[in-house]
Amino acid sequence: MANREERAAAVRHAFPPGSGVEEVGGVDLQTFRVDRKVLPAFARHLKDDPALDCRLLSDLCGVDYPDREQRFDVVYHLYSIDRGHRIRVKVPVREDDAVVPSLVSVWKAADWFEREAFDMFGIRFSGHPNLKRILCHPAFHGHPLRKDYDPGQRWLLREGEQLAPSWADEVQEDEDHFETQVLNLGPSHPATHGTLRAVVRLDGEVITQAEVEIGYLHRCFEKMAEQHTWNQVIPYTDRLNYCSAMMNGVGYALAVERLVGVTAPPRAQVIRLILSELSRIMDHIVDIGANLNDLGAMTPFLYMYEAREEIYSVLEACCGSRLTMSYVRIGGLSFDVPDDFESSVRYLLKRIPRLLDDMERLITDNRIFRERTEGVGAMSAADALDWGWTGPCLRASGVAYDIRKAEPYLGYETYDFKVPVSHAGDTYARYLVRVEEMRQSLEIVAQALGRMVPGPVIVDDHRVALPPKEEVYTEMESLIWHFKLVMEGMKVPRGEVYGYTEAANGELGFYIVSDGSGSPYRIKVRPPCFAIFQAFEHMLPGHMVSDAVAILGSMNVIAGELDR
Amino acid sequence: MRPQDVIVCDAKPLGAIQRLYLVEIVKGLAVTLRHFLGNLFGRKYTVTIEWPEVKREYSERLRGRHILLTREDGSPRCVACYMCETACPAECIHIEAEDTPDSATVEFEKRPKVFTIDLLRCVYCGFCVDACPKEAIVMSRVHEMAFASREEAVVGLDQLLQKGPTAKLDLGYRPYYGAPRSRIQLPIPVTAPAEPVGAR
Amino acid sequence: MGDDAVKPSPPPTAGAGEGPGAARRRPDGSQIFLTTRFEQMLNAARKNSLWPFPMGTACCGIEFMSFMMSHYDISRFGAEVVRFSPRQSDLLIVAGTITDKMAPVMVRIYEQMAEPRYVISMGVCACTGGFYRAYHVVQGIDEFIPVDVYVPGCPPTPEALLQGVVKLQEMIERGETQYQRAIAARKAAQAAVGG
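The sections below set out a description of the structure shown in this document. All values derive from a computational prediction rather than experimental measurement.

General note: in soluble globular proteins, nonpolar side chains tend to be found buried as a group. Among the nonpolar cores identified, the biggest contains 298 residues, and Tyr-76, Trp-389 and Phe-533 of chain A together with Phe-115 of chain B are the most heavily contacted of them. Considering every element that reaches this core, the biggest residue donor is helix H7 (residues 266-295) of chain A, with 14 residues. When near neighbours in sequence (up to four residues on either side) are disregarded, Trp-389 of chain A contacts Leu-56, Met-379, Ala-384, Leu-394, Arg-430, Ala-531, Ile-532, Ala-535, Met-539 and Met-555 of chain A. With five residues, the next largest nonpolar core counts Ile-67, Leu-69, Leu-169 and Leu-171 of chain B among its residues.

Moving on: the interface of chain C and chain A. Between chain C and chain A, the contact holds 38 residues from the first and 52 residues from the second. Buried surface at the junction of chain C and chain A, both sides included, amounts to about 3,900 Å², of which 64% is carbon and sulfur. At the junction of chain C and chain A, the tally comes to five salt bridges. Where Asp-100 of chain C meets Arg-154 of chain A, a salt bridge forms, and the shortest distance between an N and an O atom there is 2.9 Å. Of all the secondary structure elements, the ones that give two or more residues to the side of chain C that touches chain A are strand S3 (52-56), helix H2 (59-68) and helix H3 (103-112) of chain C.

This paragraph deals with the interface of chain A and chain B. Between chain A and chain B, the contact holds 71 residues from the first and 55 residues from the second. Carbon and sulfur atoms supply 56% of the area buried between chain A and chain B, which totals about 5,200 Å² over both sides. Broken down residue by residue, the surface that chain A buries against chain B is led by Phe-335, Arg-367 and Tyr-473 of chain A, which jointly contribute 11%. At the surface where chain A touches chain B, the tally comes to six salt bridges. A salt bridge links Arg-183 of chain B to Asp-339 of chain A; its shortest N-O distance comes to 3.4 Å. Put simply, chain A and chain B have 33 residue pairs in polar contact (both at pLDDT 80 or more) between them. Elements that contribute at least two residues to the side of chain A that touches chain B include exactly helix H5 (233-238), helix H8 (299-319), helix H9 (341-363), helix H10 (367-373), strand S13 (419-421), helix H14 (427-449), helix H15 (469-474) and helix H16 (476-488) of chain A. Residue contributions to the side of chain A that touches chain B peak at 11 residues, all from H8 of chain A.

A few words on the environment of Leu-273 of chain A. All names here are of chain A. Note on placement: Leu-273 falls in helix H7. Along the sequence, Leu-273 and Ala-110 sit 163 residues apart, while their C-alpha atoms lie 32 Å from each other. Non-local contacts of Leu-273, meaning those with residues more than four positions away in its chain, are made with Leu-410, Tyr-412, Tyr-415, Ile-444 and Ala-448.

Our focus in this paragraph is the sheet that holds strand S4 (residues 91-95) of chain C. All names here are of chain C. Within the open sheet, the four strands sit side by side as S3-S4-S5-S6. Their pairing is parallel. Looking along the sheet, the strands with just one partner apiece sit at the ends: S3 and strand S6 (149-151). On average, each strand axis in the sheet is inclined to that of its neighbour by 15 degrees, with strand direction left out of account. Of the strand pairs in this sheet, strand S5 (residues 118-122) and S6 are connected by three bridges, and their pairing is parallel. Counterpart to Met-122 in the pairing with S6 is Val-151.

This next bit is on the packing of aromatic side chains. Residue and element names in this part refer to chain A. All told, the structure shown has 27 aromatic pairs over all chains when counted by the stated rule. Between Tyr-65 and Tyr-521 the ring centres are 5.7 Å apart and the planes differ by 15 degrees, which places this aromatic pair in the stacked class. Here the residue Tyr-65 occupies a position in the loop between strand S3 (56-64) and strand S4 (72-79), and Tyr-521 occupies one in the loop between strand S15 (507-514) and strand S16 (522-526), the gap between them amounting to 456 residues. The buried category is assigned to Tyr-521, whose relative accessible area is 15%. Taken together through their ring pairs, the aromatic side chains of Trp-112, Phe-113, Phe-530, Phe-533 and Phe-536 make up a single cluster. Sitting over the face of the ring of Tyr-412, Arg-404 holds its NZ or CZ atom 5.7 Å from the ring centroid. Of note, Arg-451 hangs over the ring of Tyr-415, and the distance from its end group to the ring centre comes to 4.1 Å.

A word on the sheet that holds S16 of chain A. All names here are of chain A. The strand order across the open sheet formed by three strands is S14-S15-S16, and the pairing between neighbours is antiparallel. Each edge of the open sheet carries a strand with a single partner, namely strand S14 (495-502) and S16. Each strand axis lies, on average, 10 degrees off the axis of its neighbour in the sheet, ignoring direction. Pairing of S15 with S16 involves five bridges; the strand directions are antiparallel.

Next up on the list: the layout of surface pockets. One water molecule sets the probe size; rolling that probe over the atoms shows where empty space is left. If you add up the space inside the second largest pocket, you get close to 940 Å³. Taken together, 38 residues line the second largest pocket, and the ones lying closest to its centre are Ser-334, Leu-466, Pro-467 and Pro-468 of chain A together with Asp-130 of chain B. If you tally residues by element for the lining of the second largest pocket, the top one is helix H4 (residues 127-131) of chain B, at four residues.

Time to look at the state of the cysteines. All names here are of chain A. Considering all chains together, one arrives at zero disulfides over all chains under this definition. Here Cys-136 stays free of any disulfide, with the sulfur of Cys-220 as its closest cysteine sulfur at 7.0 Å. Here Cys-136 falls in the buried class, since its relative accessible area comes to 1%.

This brings us to a nonpolar patch on the surface. Residues and elements named next belong to chain B. Judged by side-chain polarity, Ile-17, Leu-20, Leu-22, Val-23, Ile-25, Val-26, Leu-29, Leu-33, Phe-36, Leu-37, Leu-40 and Phe-41 come together as a nonpolar surface patch covering roughly 1,200 Å² of accessible area. Elements that contribute at least two residues to the nonpolar patch include exactly helix H1 (16-20) and helix H2 (22-40). Among the elements that line the nonpolar patch, the one with the most residues is H2, at nine residues. With respect to the helices and strands, the residue Leu-29 is situated in helix H2. Under the relative-accessibility criterion, Leu-29 is labelled partly exposed at 46%.

On to the packing of H8 of chain A against H2 of chain C. Axis separation between H8 of chain A and H2 of chain C bottoms out at 10 Å; the angle between their running directions is 115 degrees. One finds that H8 of chain A runs roughly perpendicular with respect to H2 of chain C. The handedness of the crossing between H8 of chain A and H2 of chain C is left-handed. Mapping the contact onto sequence places Phe-301, Tyr-305, Arg-308, Glu-309 and Tyr-312 of chain A in H8 of chain A and Ile-62, Glu-63, Met-65 and Ser-66 of chain C in H2 of chain C. The class makeup of the residues in the contact of H8 of chain A with H2 of chain C is five nonpolar, one polar and three charged.

Calculation notes
Residues numbered from 1 in each chain as written. Chains lettered and ligands numbered in written order. Predicted model: local features only at pLDDT ≥ 70, side-chain atom pairs only at ≥ 80, totals over all residues. Heavy atoms only, no water. Core = buried A, V, L, I, M, F, W, Y, C linked by side-chain atoms within 4.5 Å. Buried < 20%, exposed > 50% of the residue type's maximum accessible area, 1.4 Å probe, protein only. Helix = DSSP H or I, 4+ residues; strand = E, 2+ residues; numbered from the N terminus. Contact = heavy atoms within 4.5 Å. Buried area = accessible area lost by both parts, 1.4 Å probe. Salt bridge = Lys/Arg side-chain N within 4 Å of Asp/Glu carboxyl O. Polar contact = N/O pair within 3.5 Å; in protein donor to acceptor, adjacent residues only side chain to side chain. Pairing = 2+ DSSP bridges. Axes fitted to C-alpha atoms, helices over the stretch in contact; angles between N-to-C directions. Phe/Tyr/Trp six-rings, centres within 6.5 Å; stacked < 30°, edge-to-face > 60°. Lys NZ or Arg CZ within 6 Å of the ring centre and 35° of its normal. 1 Å grid on protein atoms, 1.4 Å probe; cavity = no way out; pocket = protein on both sides within 12 Å on 5 of 7 lines; lining within 4 Å. Points joined across faces, edges and corners; volume = space filled by probe spheres on them. Disulfide = S-S within 2.5 Å. Patch = residues over 30% accessible without salt bridge, like charges linked within 9 Å, V, L, I, M, F, W, Y side chains within 5 Å. Areas by Shrake-Rupley, 256 points an atom, 1.4 Å probe, with all protein chains shown as cover. Parallel < 35°, antiparallel > 145°, perpendicular 65-115°, else oblique. Left-handed = near helix turned anticlockwise from the far one by under 90°. Nonpolar A, V, L, I, M, F, W, Y, C, P; charged D, E, K, R; others polar.

See below:
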């Protein structure tokens, strides 16, 4: 496993100084600033060279620096699963000539990320097969994440202006001279979890062509984050993956805490871990339950929902809201847990396995379920990595990559748990992996309950955390800190960071750029299901319509995270 | 990752009895019949809370509708410092300040002339309560407030000020909690709680 | 706080006359829009068999699922038959943020529903846009479709949504929903022209 200097030396060897590749120092990850002419060759080298071996493209985004001559930065985050290192690549471009070569031929994962960068900033990617807007609607004018775009400027979409794929109008006949039919799956459909749309061409029941449209829940999280202070972004993060709201907040808080340079106290870390694992269980319940519901098995969803309601009771007692908790703060948590927290979680640890067993008795060896899901939506390991898959979907294809084991945070290295992996890569394998992950999460929570040491739940640093109320009421200095934190927001030092955690769906990344003020300069959320869902339209041809519904359910697409 | 960190869950091939499926039907029916008969004779698996005859008791810290607390003389504790308005991510609080005429002490110089909260913009995050330096705004446990029009939902000082003594209010999210009135109840009770729990 | 008594409407004008459009009053002064026992029975039947169309886009969709599941169980209100086709439903529950991309879809679904149809706007995102004062979010679905009940909360607890459904049932019984008001206005206009 090469370290940073060795990797830099390997890059310098292939791209000597002056060829357009230079290393940038002083940042959290190894960063290279690359000239766009050299970019395709550099990317190919990063992927193929055995010392670098960056086979996973985690994230691709744009950043707007209007004061610079080269206004836009296209930022790539790459990861090597075998070597375990991360590399960031930045490609600056000018506004009047914002063209960057597309990397779709190197990593298929670049597909939708580049479309998003085009939609949000107007950066064109030459060689991209389908460079259209992806999140904003087709009648949208302007590029919203540019700094000169007014956040409230809306554009109306009329009925006839919605996206209609050009191939949908062609009349095609199959080999028996029957016309094929073009059908819309969604955006309002009982089996689209959230609002998604797939336009498919059907030859009987078999899908021959598909195109996916997303963006029906684009709520402009990234622009809203730029208008609010660092702590005010936390309610927005809750609504990203709303099935497991706590994990988004924890991921965001960990990234900002790295930038600020504080660490949450040990008690806060344990509580964050327990609630994250309970949220993971909740998310898997919704995913498996909704998937089963679409296939016609409604009973297990009803049984498993009792587990969700009971976890909700615990969460409501901790912070006041069942679903969108806003419990995390930068530096820890807002309040300590109530004193009956531990006994309630122990009750859950006894209750959830019984419900899981009931569900497994009905489903796992059920011949109907297996015939509907085995072999459906199979994805090989190499393909899955190329598409940027992470999380249970990747582990079901055979790649054992879990950030909790590879780059632990919140103390995961001290817990004894296993990561489930399957090799078939089909819908049934994803179901098995998720069920086993739920059981492993219960193991982790059981161990974590023994480690809840008494202590504070937020850092004592008053540049970061609000002072305790009794000090605010009595001491002048605390009142002033309180006032400054609320009015101006917490000041985060200038810099950038890419924070990543293992959310329920995969690698949830927050690429945060700060300019030293009380508001974020740029937050890019790397949603795990964005990368997973972009493979959907390529998986569909050859399957039947009902299989499409089964595959969609197993991918766990949460629109709040997908569209942000 | 080390091999001992990984647990492999591959699909186990179906046996002959499972392929025949008749036995599996019986096993599945056994699970659902157990729930059915358990409910029929003794309500063992019933979890339905029959609202509105039975109401689940909300947790101690529920973030519901806001209440502006008053001092002993009945004036609002709020000094119109605008911290809740700034802390609110939804910008749903609107305050206009005015001088307190002839106030007893110089400490309470300002008071709110207008204090409105648009309850249909509010996301019930509790940041206003966290931001208030005077413990003037807290949240109650009232969460059931459907409106027939948008104008009805913009509530002003008269509807937000506390009505009645503080000890009788059904308070939820606030800076200090005394002895908890409600505990986490698992399994969630399906019958009405023994003593009434404040105004609804 | 939400269950306050119905405010009485102004008395009808002198030219309304007798007949189906005339308004009568209850003892407490509130106006009855319905006149016939048949209509009262019809409304009782309609309010107890609301078939929801859940347009669950975001987080409120998850709380809507909670509301359908065993713990709160809308089948106790006759609304268990959740239909995902607008032709087969009469209560559109918009649960979640509606974006400008989704707005034409929502309008199309609303127009495809047969009358009588009612709309509950669940969650602050559907009511006013919530805290998303943004370039792609509709600031309240009443920009496009008429709404009967606004349920606040982000997301509303299932009890809050149940109270919203009960409030809608009371409005149906009293004849105050948008659809019933439109019918009454049409009848009053016909009566004014005819009588």
